Amino acid sequence: MRRFIVLLAVAAAACSLHAAARNQLVHVTVRQLQQFLQDQQTRRLSDRDLAAKLSAAQLSEQLTEFQLDRLKHDLSLGPESATELDILADLSAFLNPPAADAPTRQPPDSAAQKQILSAAQNFAAVTLARLPDFMATRTTRSFEDIPFTLGGKTTQSGLHPVQTSIRQVAFRDGREFAQDLPPAR
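Residues numbered from 1 in each chain as written. Predicted model: local features only at pLDDT ≥ 70, side-chain atom pairs only at ≥ 80, totals over all residues. Heavy atoms only, no water.

A. Representation of the packing of helix α4 (residues 65–74) against helix α5 (residues 79–91) within the structure. It is the contact of α4 with α5, at a shortest axis distance of 11 Å, that shows an interaxial angle of 165 degrees. It follows that α4 is roughly antiparallel to α5 by the angle criterion. Judged by the twist between their axes, the crossing of α4 over α5 is right-handed. Residues Leu68, Leu71 and Lys72 of α4 form the contact with α5, whose participating residues are Ala82, Leu85, Asp86 and Ala89. When grouped by side-chain class, the residues that make up the contact of α4 with α5 number 5 nonpolar, no polar and 2 charged. (Axes fitted to C-alpha atoms, helices over the stretch in contact; angles between N-to-C directions. Helix = DSSP H or I, 4+ residues; strand = E, 2+ residues; numbered from the N terminus. Parallel < 35°, antiparallel > 145°, perpendicular 65-115°, else oblique. Left-handed = near helix turned anticlockwise from the far one by under 90°. Contact = heavy atoms within 4.5 Å. Nonpolar A, V, L, I, M, F, W, Y, C, P; charged D, E, K, R; others polar.)

B. Summary view of the sheet that holds strand β7 (residues 175–180). Taken together, the 3 strands give an open sheet; going across it, the order is β3-β6-β7, and neighbouring strands pair in antiparallel fashion. Whereas interior strands pair on both sides, the edge strands pair on one side only; in this sheet they are β3 (134–144) and β7. In this sheet, neighbouring strand axes are inclined to one another by 30 degrees on average, regardless of whether the strands run parallel or antiparallel. Against the sheet, α5 touches β3 and β6 (160–172), its axis set at about 90 degrees to β3. (Pairing = 2+ DSSP bridges.)

C. Structural view of the confidence of the model for the protein chain. Residues of the protein chain with pLDDT of at least 70 account for 84%, and the chain-wide mean is 80. Per-element confidence in the protein chain ranges from a low mean pLDDT of 46 for helix α1 (residues 2–19) to a high of 92 for helix α6 (residues 110–127). Per-residue pLDDT stays below 50 along residues 1–13; that stretch engages in 5 contacts with residues further than four places along the chain or on separate chains. (pLDDT = per-residue confidence, 0-100.)

In structure tokens, the structure reads:
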């Protein structure tokens with residue numbers, strides 16, 4: 001019986017996302033999105049068609065970084081689909097995560113909270129000063145939601161990527177230094 005209910009939910013999600021092709025905004029859960037993407041992978045839908053379907057979807061719960069990375073790793077998405085998936089994840093950032101991802105432990109009591117804060121203060125005061133120097137690359141992607149002109153025609157497509165900035169960040173002697181890098185080609 002439980003399997004039937006899950007299959008029914010997946011079928012409803014697939015039907016909902018197929019309605020996206022008719023320019024209707026479709027609300028789906030993360031699980032329904034995962035199932036839809038797996039179904040489309042087996043059907044070999046083009047990157048542009050899949051991106052169009054994803055652009056008409058809206059998540060009803062947060063797509064966490066872990067889930068996003070896992071989806072990108074497990075599925076071979078094209079660049080347009082991957083961008084739309086990133087946008088879906090960004091738009092869902094302030095939603096609650098799926099119930100299955102919610103913590104099951106009770107919050108700590110007052111004494112435990114004080115102990116946690118004390119340990120954090122100790123970490124910041126002692127441990128951070130002893131960390132080794134390091135370098136990293138910080139990538140920032142910017143999106144906007146304003147109409148843009150393409151081929152003389154003004155189009156409103158929802159969020160679309162505008163700019164990517166890449167900075168080399170170094171941490172030396174407890175201070176951060178950053179330098180802009182040229183755009184990747």
